Amino acid sequence: MTRRQHSAALVADFLARGGTIQRVPPPKPTVAADVVQYLQERNIDVQPVPDHAGATTNYVYKGQLINLKTLLAIANRHRSRRRLPPFQLAGRTSH
């Protein structure tokens, strides 16, 4: 039996026993503040670090300075464990 046939047999057996397969929902468009709020609501200590102009580009997580991309990856790991759609930052628009 090939690997593909074996996988198909396992899935068929799972479904025959009443199992279901669900797709992960598409990414949820969001802004950085939503990601910070989501993590803070789950008692994950994340603090924004404003720069000299007052804008937030970095964050402190477990004593380390991280950027938004890393913060998003952390939040999405937590969301995937709970089978929630991943965060995806809204794209920038040009004027």
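Scroll up for the structure.
Sequence order as written defines residue numbering, which begins from 1 separately in each chain. Totals for whole chains, interfaces and linings use every residue, but because this is a predicted model, local features are given only for residues with pLDDT of at least 70 and side-chain atom pairs only at 80 or more, for both listing and counting. Side-chain numbers come from the whole structure's heavy atoms, not from hydrogens or water.

Caption draft 1: Seen up close, the side chain of threonine 30. Helix and strand labels come from DSSP, where a helix needs a run of H or I of at least four residues and a strand needs a run of E of at least two; each type is numbered from the N terminus. Here threonine 30 is to be found in strand β1 (residues 28–30). Type-normalised accessible area, obtained with a 1.4 Å probe on protein chains alone, sets the label of each residue: buried when under 20%, exposed when over 50%, and partly exposed for intermediate values. Looking at threonine 30, the relative accessible area reads 4%, which means it is buried. Within the structure, the side chain of threonine 30 is placed 2.8 Å from the side chain of aspartate 34, a separation counted as a polar contact. Excluding its chain neighbours within four sequence positions, the residues that come into contact with threonine 30 are Val35, Phe87, Gln88, Leu89 and Ala90. We define a polar contact as two N or O atoms separated by no more than 3.5 Å, with the added condition that, inside protein, one atom must be a possible hydrogen donor and the other a possible acceptor, whereas residues neighbouring each other in sequence contribute only through side-chain atom pairs. When checking whether two residues touch, look at their non-hydrogen atoms; a contact exists if any pair is within 4.5 Å.

Caption draft 2: Spatial organisation of the packing of aromatic side chains. Paired rings are identified among Phe, Tyr and Trp, the last through its six-membered ring, by centres lying within 6.5 Å, and are further divided according to the angle between planes into stacked (under 30 degrees), edge-to-face (over 60) and tilted (the rest). One pass over the structure, following the stated rule, counts 1 aromatic pair. Taken together, a centroid distance of 5.4 Å and an interplanar angle of 80° make the contact between tyrosine 38 and phenylalanine 87 edge-to-face. With tyrosine 38 in helix α2 (residues 32–41) and phenylalanine 87 in strand β5 (residues 87–89), the pair connects residues that are 49 residues apart, well separated along the chain. Here tyrosine 38 and phenylalanine 87 have matching classes, each one buried. Consider the ring centre and the ring normal. A charge sits over the ring if Lys NZ or Arg CZ is within 6 Å of that centre and within 35 degrees of that normal. Just above the ring of phenylalanine 87 sits the side chain of arginine 79; from NZ or CZ to the centre is 4.2 Å.

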